[in-house]
Amino acid sequence: MRPVTFPIDAPSDGPRFLAIARAVSDAIQAGRLRPGDALPGSREIAVSAGVNRNTVLAAMAELKLEGWIETTAARGTFVSRALPEHLRAVSKKPRANAKAAFELRGVVPSHTPWPSVTRAPYPLLGGLPDVRAVPHAELARAFRRALARNAGELLGYGDARGDARLRRALATLLAHARGVVVSEDDVLVTRGSQMALYLAARTVLAPGDLVAVESYGYRPAWEAFRIAGAELAPIPVDASGIRVDTLAALASRRKVRAVYVTPHHQYPTTVTLPAARRLALLALAKRAGFAIIEDDYDHEFHYEGRPTLPLASTDDGSCVIYVGTLSKVLAPGLRIGFLVAPRAVLERAAALRVLVDRQGDLAVERAVAELVEDGLLARHVRKMRRLYLERRDVLATAVTEKLPMLSFEIPKGGLAIWARAPSKTDVDAWAARAEQRGVLVQTARRFTFEGRAEPRLRLGFAPLDPAKIREAVTRLAATYAS
């Protein structure tokens, strides 16, 4: 039985059928019922209002006489489609403008995502893959097979750690491609890497703990640590990545609980942490007793030589909390990330995940597991690596030709170029002008720890084909003001 969607109060005066008629007309005028909406049957209303059905029939007759409703033979009773135009839209004041009657407490994230980035015709944004190249047909077939064979299992409640087949497939992928030897029980599947970072923060941090972060970095991760109550300490980044000597000096003065790093392609500068610093960082973590939260967000896209193996491949399993994602490999909308960590960390993270999300989309996870098992994901990665290498070179050439005032090194990996403008360039104003021409770029203010302005830009190349990359750079150059 459908619930009656309008309140029916006992009348203070007058007959009961008029009270029911007023309740319906008030609901229509308030926008809760709209022209064309079906009304519950007279028996349902009678039961809900606690009255005789004849009373409801009298109310319906009154409403029809006044023009509020219309009756269609064999179909039912509907709000009249002939009502005035102003009643065809919800007339109630938007709730979004209502002021809360209670105090808002807790940490407010300062980071807001880029709005409608996919609607801009020329998004030169790092971190955006080309979702047009995703093997849609194969993914759809895998999804259909997963549901056809396992609907009862995949559409019910499942393991908070994620689908066992996907965890197994990811463990195999990590061992073969990244040197991280783990089993399925060492993997927690999350809705993207951001959930993995949030769970890691909530699992290993307590209010007041100190977390070291790279001075150029990924602000959503910083916000996850701040919301967990941590104090953040920025560590300088140079041409070789995070300064481990500066981190060691900090750890000698204060208790560091964790360090967050992006060693493979430092975010946003794209530099790779060399072997000597990697070993020094691992040794420091053991000596000082802090966790290393390693974000390996785009491991697959390295264009010169073999990718450097993660810190987690060298660790004995005691220091590194390893975060990865398939968002860059496939598509952000699939929301597939993962966390690899000591068992005690994963157990706590899974328990916490139950409270905020219960579990992931098991059907999607099973479909992705099939793509990994069948080798389709590996083939797709090879295809996209070639495609992104071409686009990197197109962007580098276009910037060199049309924006010679920018200096940069061609990155060995990643999905973006980190460029420096002349010192007096207001890159934020430049970015605003470029946006008016349909070009989106990210400026240094988005990545600096203090949010300070610097004459630097991050120019992404993955989501655009070569012709659009050239046009985007042409428009960017046209909006430059020295």
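The following refers to the structure shown.

Attention now moves to the pairing of strand E14 (residues 416-420). Buried residues dominate E14, accounting for four of its five residues. In this sheet, E14 lies alongside strand E13 (residues 407-408) in antiparallel orientation, the contact comprising two bridges. Paired with phenylalanine 408 across the strands is alanine 419, a residue of E14. Bridge count between E14 and strand E17 (residues 456-460): five bridges; the pairing is antiparallel.

Looking now at a nonpolar patch on the surface. Together, Val354, Leu355 and Val356 give the surface a local cluster of nonpolar side chains, amounting to about 290 Å² of exposed area. Its location among the elements puts leucine 355 in helix H11 (residues 343-356).

Moving on, we come to the packing of aromatic side chains. All told, the structure shown has ten aromatic pairs when counted by the stated rule. Considering the side-chain rings of tyrosine 216 and tryptophan 418, the 5.6 Å spacing of their centres and the 70 degrees angle between planes classify their relative orientation as edge-to-face. Taken together, the residues tyrosine 216 in the loop between strand E5 (210-214) and helix H7 (219-227) and tryptophan 418 in strand E14 connect sequence positions 202 residues apart. Judged by relative accessible area, tyrosine 216 falls into the buried class, the value being 11%. Between phenylalanine 225 and tyrosine 260, the ring centres sit 5.6 Å apart and the planes meet at 65 degrees, which makes this aromatic pair edge-to-face. One end of the pair, phenylalanine 225, is in helix H7; the other, tyrosine 260, is in strand E9 (residues 258-261), with 35 residues separating them in the sequence. Taking relative accessible area as the criterion, phenylalanine 225 reaches 0% and is therefore assigned buried. Within the aromatic cluster, the residues linked to one another by ring pairs are Tyr216, Tyr218, Tyr267, Tyr297, Trp418 and Phe447. It is arginine 81 that lies over the ring of phenylalanine 78; its NZ or CZ is 5.5 Å from the centre.

What follows is about the pairing of strand E11 (residues 320-325). The element E11 is largely enclosed, with a buried count of six among its six residues. Residues Val320, Tyr322 and Gly324 line one face of E11 and the alternating positions Ile321, Val323 and Thr325 line the opposite face, and both faces are buried. As paired elements, strand E10 (residues 291-295) and E11 share four bridges and run parallel to each other. Residue pairing in the sheet places isoleucine 292 in a bridge with valine 320 of E11. As paired elements, E11 and strand E12 (residues 337-340) share four bridges and run antiparallel to each other. Paired with valine 323 across the bridge in E12 is leucine 339.

Read from one edge to the other, the open sheet built from seven strands follows the order E4-E12-E11-E10-E9-E5-E6, with strand pairing classed as mixed. Strands with a single pairing partner mark the edges of an open sheet, and in this sheet they are strand E4 (187-190) and strand E6 (231-235). The average undirected angle you get between the axes of adjacent strands in this sheet is 20 degrees. Sheet topology places E5 next to E9; three bridges connect them, and they run parallel.

Strand order in the open sheet made by the four strands is E13-E14-E17-E16, with antiparallel pairing throughout. Both edges of this open sheet fall to E13 and strand E16 (442-443), since each of them pairs with a single strand only.

Let's shift gears to the pattern of salt bridges. Enumeration according to the criterion identifies 31 salt bridges in this entry. For aspartate 159, the salt bridge identified is with arginine 167, shortest N-O distance 3.5 Å. When its relative accessible area of 2% is taken as the criterion, arginine 167 is described as buried. One continuous salt-bridge network, built from bridges that share partners, spans Asp159, Arg161, Arg167 and Asp185.

Right, let's get into the packing of helix H6 (residues 192-204) against H11. The contact between H6 and H11 brings their axes to 9 Å, and the two run at 110 degrees. Between H6 and H11, the crossing angle belongs to the class labelled roughly perpendicular. As for how H6 packs across H11, the hand of that crossing is right-handed. Residues Met195, Leu199, Arg202, Thr203 and Val204 of H6 lie in contact with H11, whose contacting residues are Val345, Arg348, Ala349, Leu352 and Arg353.

Calculation rules
- Residues numbered from 1 in each chain as written.
- Predicted model: local features only at pLDDT ≥ 70, side-chain atom pairs only at ≥ 80, totals over all residues.
- Heavy atoms only, no water.
- Buried < 20%, exposed > 50% of the residue type's maximum accessible area, 1.4 Å probe, protein only.
- Helix = DSSP H or I, 4+ residues; strand = E, 2+ residues; numbered from the N terminus.
- Pairing = 2+ DSSP bridges.
- Patch = residues over 30% accessible without salt bridge, like charges linked within 9 Å, V, L, I, M, F, W, Y side chains within 5 Å.
- Areas by Shrake-Rupley, 256 points an atom, 1.4 Å probe, with all protein chains shown as cover.
- Salt bridge = Lys/Arg side-chain N within 4 Å of Asp/Glu carboxyl O.
- Phe/Tyr/Trp six-rings, centres within 6.5 Å; stacked < 30°, edge-to-face > 60°.
- Lys NZ or Arg CZ within 6 Å of the ring centre and 35° of its normal.
- Axes fitted to C-alpha atoms, helices over the stretch in contact; angles between N-to-C directions.
- Parallel < 35°, antiparallel > 145°, perpendicular 65-115°, else oblique.
- Left-handed = near helix turned anticlockwise from the far one by under 90°.
- Contact = heavy atoms within 4.5 Å.

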